[in-house]
Amino acid sequence: MKRLIERSRSVGEVLRWVTQNPGKVSASHYPIALHKLGQLLQQQQGQATLNGESRGAGPMLEQPEFQTLCQAIISGCSKFDNFSIVNCLYAAAALGLPGESPLVRVLEEESRSRLGRFNQKDVSMVFSSEANNKALEAIFSSQLFYENRQERFIRSMAEWLPRKAENLTPYTMALIAKYVARHRLREPRLLDTIANFLLKRGEQLDSKVIQKLVFPFSRMNYRPSNHSELFPKLEAILEQKAGSSPLATVNILMSMFQLSHFPQSVLHQVFSPAFITNVMSSPYALIVRRYLSLLDAAVELEFRQYRGPRLDPRYRVLMFEHALTADEANRKYSYKGLVAEALRQLVGEECYRQDEVLPPGYCTDFLLWVNRSGTVLPLSRIPAASKTPPALSAVAPAALSLRSSGGDAACTVACRVVLSVNDKWHYCQNSDILVGSRAMRDRHLRLLGYCLVQV
């Protein structure tokens, strides 16, 4: 049966073999049939394009024989082995079946119930048998796969990807980069492969694709091994393409800033009147203003030798005006509530602020004011002038002891303390390295004169 399916020359022939001989079809034949259908459809579409026609998978999906094939998989998938389940799911995705279709829905439910049992063989077989862009796009586009991190799969991918990267399309590599960033995978082999791909093909890519490929580096706070070549290359590309997609341009700049790389020539462009005018008339004006405001603050704090144009003060806004949505969503998994209760009992509610947003728009967990003797001051007794951050911190965090003030305690503020609750999502996976955005936030707060205490 396998040979008959693989030798079939038309969609109808594949469907006839599978649906008219149910007794001879086993679980392993279904993914082979789906893959063969995908190959034949791709050939048909290629020929139709040459003839100036437009032809998709729609007609085949409506055929009764195809519906019979789908129903057979739905009915029997609970008895399939892991590889057949995974392979059927990705083949169905590659065929273009929508996520809400009964076949995809049942396969995803079955896969979800087996995630803990998928082993190295299941994953490596998928790669060895589907080492092409279409299959990889299906894999990395699957919501089930995207939302779940499998250590064995990651190890397999780290070995496989460097050897296959040259044959991948930018779209496929961008999907892989998205997966790496989503799961905070600080795996040098994966990140360096993305970086090498970007170095070789960067000039052929538009800014929107480049931003997707660059983002994992800043997300994981990782300078690629080829950064001495890659970063200048990115600067040259951005100089040419800065105006074509302003939002992508500032996203790429933000990634580079988080890695403490400051491309001076590109800054001249993004802070220029022409670029700002272009941005202000766009539908994403506010988000670009937020990014430009943070970039401008970073220049002030970390790139003092810069002498080019800066963001006009009238366009400056806070990067964030309240706690991040992600942090709010994760609050029930955070230790912040426990820390808040401990602070309440230790120094009292009147001695700290929670979720305070500090210029240039960094949300903090807890903010306290401490005098020279290490006493935490009540908010009501803090002089107004002391609420403006000083240029330098006068007290090292290690020297502080948190205790509430007595009635006659001195009110001279020696240090503004940011107490940070670093939860697991603030770190790279299985690492003590903060993600890039958090690391830059901490650098900037220290440069603004805050003492940081990490919990």
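Residues numbered from 1 in each chain as written. Predicted model: local features only at pLDDT ≥ 70, side-chain atom pairs only at ≥ 80, totals over all residues. Heavy atoms only, no water.

Looking at an unreviewed UniProt entry, one finds the chain named FASTK kinase, with Indicator maculatus as its source organism. Under the heading Subcellular location (unreviewed entry), UniProt records this for the chain: "Mitochondrion". (UniProt positions renumbered as here; feature names shortened; annotations may be inferred.)

Enquirer: Any chance you could explain the side chain of Ser 84 here in plain terms?
Expert: Here Ser 84 lies in helix α6 (residues 82–95). At 2.8 Å, the side chain of Ser 84 and the side chain of Asp 81 are in polar contact. Ser 84 has contacts with Ala 27, Ser 28 and Pro 31, leaving out every residue within four places of it along the chain. (Helix = DSSP H or I, 4+ residues; strand = E, 2+ residues; numbered from the N terminus. Polar contact = N/O pair within 3.5 Å; in protein donor to acceptor, adjacent residues only side chain to side chain. Contact = heavy atoms within 4.5 Å.)

Enquirer: Is there a simple way to think about the packing of aromatic side chains in this case?
Expert: Here the distance between the centres and the angle between the planes together describe a pair of aromatic rings. Enumeration over the complete set of coordinates arrives at five aromatic pairs. Seen in terms of ring centroids, Tyr 352 and Phe 366 are 5.8 Å apart; in terms of plane orientation they differ by 75 degrees. Their pairing is edge-to-face. Highlighted residues: Tyr 352 in the loop between α21 (336–346) and β1 (353–354) and Phe 366 in strand β4 (residues 366–371), separated in sequence by 14 residues. The same class applies to Tyr 352 as to Phe 366, namely buried. Members of the aromatic cluster, connected to one another through ring pairs, are Phe 257, Phe 262, Phe 303 and Tyr 306. (Phe/Tyr/Trp six-rings, centres within 6.5 Å; stacked < 30°, edge-to-face > 60°. Buried < 20%, exposed > 50% of the residue type's maximum accessible area, 1.4 Å probe, protein only.)

Enquirer: Sorry, what's going on with the UniProt feature "domain: RAP" (unreviewed entry) in the chain here?
Expert: Taking the UniProt record as the reference, the feature "domain: RAP" (unreviewed entry) is found at residues 417–455. With 31% helix and 23% strand, residues 417–455 has its two end C-alpha atoms placed 13 Å apart.

Enquirer: For this particular structure, what's the right way to read helix α2 (residues 11–19)?
Expert: A turn of α-helix holds 3.6 residues, and therefore any two residues three or four places apart point the same way. Taken together, the buried positions of α2 are Val 11, Val 14, Leu 15, Val 18 and Thr 19. End-on, the buried residues of α2 take up no more than an arc of 110 degrees, which puts them together on one face. (Arc of directions from axis to C-beta.)

Enquirer: In this structure, what is going on with the state of the cysteines? I would like to understand it.
Expert: Should the sulfur atoms of two cysteines be covalently bonded, the bond is a disulfide. Enumeration over the complete set of coordinates arrives at one disulfide. The side chain of Cys 415 participates in a disulfide bridge whose partner is Cys 451; the two sulfur atoms lie 1.9 Å from each other. Separated by 36 residues along the polypeptide, Cys 415 in strand β7 (residues 413–420) and Cys 451 in strand β8 (residues 450–454) bring together distant segments of the chain. Using a relative accessible area of 2% as the deciding quantity, one classes Cys 451 as buried. This cysteine, Cys 88, is not joined by any disulfide, and Cys 77 carries the nearest cysteine sulfur, 8.4 Å off. (Disulfide = S-S within 2.5 Å.)

Enquirer: What exactly am I supposed to notice about the confidence of the model for the chain here?
Expert: Close inspection of predicted coordinates is inappropriate in any region flagged by low pLDDT. In this model, the chain carries an average pLDDT of 83, and 80% of its residues clear a pLDDT of 70 or more. Scored below 50 in pLDDT, residues 390–409 shows 44 contacts in the model against residues more than four places distant or in partner chains. (pLDDT = per-residue confidence, 0-100.)

Enquirer: Could you clarify how one ought to interpret the pattern of salt bridges in this entry?
Expert: Here the structure, examined in full by the defined rule, presents 13 salt bridges. A salt bridge links Glu 187 to Arg 189, with the shortest nitrogen-to-oxygen separation between them at 3.1 Å. One network of salt bridges, in which partners are shared, links Asp 296, Glu 300, Arg 310 and Arg 316. (Salt bridge = Lys/Arg side-chain N within 4 Å of Asp/Glu carboxyl O.)

Enquirer: For this particular structure, what's the right way to read helix α16 (residues 246–258)?
Expert: Here α16 is 13 residues long and its end C-alpha atoms lie 18 Å apart, about the 18 Å a rise of 1.5 Å per residue gives. Among the 13 residues in α16, eleven count as buried, and that is most of the element. Of the positions making up α16, those classed as buried are Pro 246, Ala 248, Thr 249, Val 250, Ile 252, Leu 253, Met 254, Ser 255, Met 256, Phe 257 and Gln 258. As for α16, its buried residues are in contact with α14 (207–219), α15 (227–241), α17 (264–270), α18 (273–280), α19 (285–302) and α22 (436–447). (Expected span 1.5 Å × (residues − 1).)

Enquirer: Can you help me understand the environment of Arg 114 in this one?
Expert: Relative to the assigned elements, Arg 114 resides in helix α7 (residues 102–114). As for Arg 114 and Asn 82, which are separated by 32 residues in sequence, their C-alpha atoms are 7.7 Å apart. Beyond its immediate stretch of four places on either side in the chain, Arg 114 contacts Cys 77, Ser 78, Lys 79, Phe 80, Asp 81, Asn 82 and Ile 85.

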